[in-house]
Amino acid sequence: MNKLKIAIQKSGRLYDESVKLLKDCGIDLKNGVNKLKTECDNFPMEIYFLRDDDIPQYVEDAVADVGIVGENVFYEKNKKAEIVEQLGFGKCRLSVAVGRGEQYDGVEFLNGKRIATTYPGLLRQFLDKNGIKAEIHEISGSVEIAPGIGLADAIVDLVSSGSTLFMNGLKEVETVLKSQAVLIRNERLDPEVRQLLEKFLFRIRAVKKARNNKYILLNAPNDKLQEIIRLLPGMKSPTVLPLAEVGWSSVHSVLSENDFWEIIERLKDAGAQGILVVPIEKMVI
């Protein structure tokens, strides 16, 4: 029987969220200490725990059918694989940073400068796109200290909060790439494995949909019911049930996380009471 072989980080910033995603998808994951491979009991899947930089190569070589990796790594390695789903976690950006005291007026500042990075491929593309001639210093780890020790005039590195840049006297001036975790796949999957991937994607999308929505229950006076229903888009239309107290109904619906607080305020203004908000574990549409 075929199994879907998936590669994830064995450690690092994407490991915890990758494991959580698999578990949220109902996949029974057993990962012992320093284990490089495990099989799942309740889904036809093998999981490989690898260095993030190696995952695109393993997927290209069909050692793994799919892999979870940051877009920054995927585009830097430039292997023959394709993105099938953005996963919504591990968000960061690959940015240019210079000393806080520098007068930065645009990308032309980088002409003739020395730039340190662990992403020379993406940096070269960025420089070429902007017609900039600069010297690239490829280093691994602690890129942010390069200007301070005289190795470079600027850096290109991953940024989340920017606190590491601040502590090293740097400021972010350009975004090279916005990145998040993605699911990539080998370009030549056989039909049976492709079917397994579709089943896995179905679960992933249900989990993602649930994360972006909230289940809401509220009490509404019947004379305000239609006004309140108009405020609740839901998946199709809200569910309305009569309450034991005459003249009142219970209204159930689903709200998008993005619109949540604005709609809640409007519901209260329209007369809704006893509003309960419940997280959704899975959401299948």
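Examining the overall build of the protein chain
Piece 1. Along the protein chain, the regular secondary structure elements total eight helices and 15 strands.
Piece 2. In terms of overall dimensions, the protein chain is more spread out than a globule: its C-alpha atoms have a radius of gyration of 24 Å, far above the 19 Å expected for 285 residues.
Piece 3. Projected onto its principal axes, the C-alpha coordinates of the protein chain cover approximately 75 × 55 × 35 Å.
Piece 4. Counting every atom, the protein chain has about 15300 Å² of accessible surface; 48% of that belongs to carbon and sulfur.
Piece 5. Within the protein chain, the 41 negative side-chain charges are centred at a point lying 2 Å from the centre of the 39 positive side-chain charges.

With respect to unusual backbone geometry
Piece 1. One non-glycine residue, Ala-62, lies in the positive phi region at around 65 degrees.
Piece 2. Mapped onto the elements of the fold, Ala-62 is located in the loop between helix H2 (55–60) and strand E4 (66–70).
Piece 3. Among the residues examined, Ala-62 registers a relative accessible area of 38% and is labelled partly exposed.
Piece 4. Its identity as a non-glycine residue notwithstanding, Ser-142 has a phi of 50 degrees, on the positive side.
Piece 5. Mapped onto the elements, Ser-142 comes out in the loop between strand E8 (135–138) and strand E9 (154–159).
Piece 6. Of the residues examined, Ser-142 reaches a relative accessible area of 44% and is grouped as partly exposed.

So, the environment of Lys-35
Piece 1. Mapped onto the fold, Lys-35 is located in the loop between helix H1 (15–24) and strand E2 (37–39).
Piece 2. Lys-35 gets classed as partly exposed once you look at its relative accessible area, which sits at 38%.
Piece 3. For the pair formed by Lys-35 and Arg-51, sequence separation is 16 residues and the distance between their alpha carbons is 13 Å.
Piece 4. Apart from the residues within four sequence positions on either side, Lys-35 is in contact with Lys-30 and Phe-49.

With respect to H1
An α-helical turn contains 3.6 residues, so any two residues separated by three or four positions project in the same direction.
Piece 1. Residues of H1 that are buried include every one of Ser-18, Val-19, Leu-21 and Leu-22, and no others. Projected down its long axis, H1 carries its buried residues within an arc of 155 degrees, all on one side.
Piece 2. Residues of H1 that are buried in the fold lie against strand E1 (4–9), strand E3 (45–50), E4 and helix H6 (191–211).
Piece 3. Within two residues after H1, Gly-26 carries a phi angle of roughly 80 degrees, on the positive side.

Here's the deal with the state of the cysteines
A disulfide bridge is the covalent bond that connects two cysteines by way of their sulfur atoms.
Piece 1. Under the criterion given, the structure shown has zero disulfides.
Piece 2. The closest cysteine sulfur to the non-disulfide-bonded Cys-25 is located on Cys-40, 11 Å from its own sulfur.

What counts and how
Residues numbered from 1 in each chain as written. Predicted model: local features only at pLDDT ≥ 70, side-chain atom pairs only at ≥ 80, totals over all residues. Heavy atoms only, no water. Helix = DSSP H or I, 4+ residues; strand = E, 2+ residues; numbered from the N terminus. Rg over C-alpha atoms; globule rule 2.2 N^0.38 Å. Areas by Shrake-Rupley, 256 points an atom, 1.4 Å probe, with all protein chains shown as cover. Lys, Arg positive; Asp, Glu negative; His and termini not counted. Charge placed at Lys NZ, Arg CZ, Asp CG, Glu CD. Buried < 20%, exposed > 50% of the residue type's maximum accessible area, 1.4 Å probe, protein only. Contact = heavy atoms within 4.5 Å. Arc of directions from axis to C-beta. Disulfide = S-S within 2.5 Å.

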